[in-house]
Amino acid sequence: LHGPALLVDSGLDLNDPFPCQVDGPGIVEGLAVLHRPIGVDEEHEGVSPVLEGVRLAVEELNRQGGLLGRPVELLEFDNQSTALGSKIAARQVVESGAVTIIGASYSNHSMAMAPIFQAAGIPMISPYSTHPDVTRAGDYIFRICFTDSFQGKILAGFARQHLKTKTAGVMINADLSYSEGLG
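Here's what I pulled together on the structure shown here. (Residues numbered from 1 in each chain as written. Predicted model: local features only at pLDDT ≥ 70, side-chain atom pairs only at ≥ 80, totals over all residues. Heavy atoms only, no water.)

**Brief notes about the overall build of the chain**
- Secondary structure summary: the chain contains six helices and five strands in total.
- Counted from the first residue to the last, the chain has its helices and strands arranged as α-β-α-β-α-β-α-β-β-α-α.
- Counting every position in the chain, which comprises 183 residues, the buried fraction comes to 37%.
- Considering only contacts in the chain between residues 6 or more positions apart, those separated by 24 or more positions represent 55%.
- In the structure as shown, the chain presents an accessible area of about 10,300 Å², 57% of it carried by carbon and sulfur atoms. (Helix = DSSP H or I, 4+ residues; strand = E, 2+ residues; numbered from the N terminus. Buried < 20%, exposed > 50% of the residue type's maximum accessible area, 1.4 Å probe, protein only. Contact = heavy atoms within 4.5 Å. Areas by Shrake-Rupley, 256 points an atom, 1.4 Å probe, with all protein chains shown as cover.)

**Points about the pattern of salt bridges**
- Taken as a whole and assessed by the stated rule, the structure comprises four salt bridges.
- The partner of Glu76 in a salt bridge is Arg55, with the nearest N and O atoms 2.8 Å apart. Of this pair, Glu76 sits in strand β2 (residues 72–78) while Arg55 sits in helix α2 (residues 49–63), and the two are 21 residues apart along the sequence.
- With a shortest N-O distance of 2.6 Å, Asp133 and Arg136 are connected by a salt bridge.
- Taken together, the salt bridges that share partners define one network made up of Glu59, Glu60 and Arg63. (Salt bridge = Lys/Arg side-chain N within 4 Å of Asp/Glu carboxyl O.)

**Re the packing of aromatic side chains**
- Throughout the structure, instances matching the rule amount to one aromatic pair.
- With a centroid separation of 4.6 Å and an interplanar angle of 25°, the aromatic rings of Phe146 and Phe150 are classed as stacked.
- Judged by its relative accessible area of 54%, Phe146 is exposed. (Phe/Tyr/Trp six-rings, centres within 6.5 Å; stacked < 30°, edge-to-face > 60°.)

**A few points about the environment of Glu60**
- On the secondary structure map, Glu60 appears in helix α2.
- Classification of Glu60 by relative accessible area gives partly exposed; the value is 27%.
- A polar atom in the side chain of Glu60 sits 2.6 Å from the side chain of Gln64. (Polar contact = N/O pair within 3.5 Å; in protein donor to acceptor, adjacent residues only side chain to side chain.)

**A short note on the nonpolar core**
- Within the largest apolar cluster, 16 residues are counted, with the highest numbers of intra-cluster contacts made by Val93, Ile101, Met113, Phe117, Met124 and Ile141.
- At the level of elements, β2, α3 (83–96) and α4 (107–120) are the ones that each hand at least two residues to this core.
- Take this core: its biggest share by element is four residues, from α4.
- Core analysis: the second largest hydrophobic core is formed by eight residues, Val54, Val58, Ile102 and Ile125 among them. (Core = buried A, V, L, I, M, F, W, Y, C linked by side-chain atoms within 4.5 Å.)

**Comments concerning the side chain of Asn79**
- Residue placement: Asn79 occurs in the loop between β2 and α3.
- The exposure class of Asn79 is buried, given its relative accessible area of 1%.
- One polar contact links Asn79 to Ser86, side chain to side chain, over a distance of 3.2 Å.

Rendered as structure tokens:
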């Protein structure tokens, strides 16, 4: 959803040069997606929505002739839904020769991976990582969502303007970077 779909929906000309590894008439090497294992997301039993979306986008992209006239190969890596698992998976991604990464979803996981991808010069696009430090890892690290501080300000403004509240309490999970940034 957030990788190839971004290309398809952005209006980019897919015949323009794209920074990917192409070996002859074969496959466009390595769009990698890092995701949570199946069944971990209570809201969505089964495959994560990001992974479903990426699979669908790659299928659609390949049905339209691929990228630069070559099919895109989707590589899937399980980050075990932990920062350590994300770091291990990131190293596997680099070794695989992937040229673009979609994920991880959680800020803690993305912050564990970002320095590895930055050092390798491989672009990483996170669909949900809202902590501002995620993209501070370098110029190869991106997000497609709002930051925690932006969300916190918007929520506070909404509560003040529409709910007419003057005070609010914020409960955070100190183990998660996400909830700390909203306060």
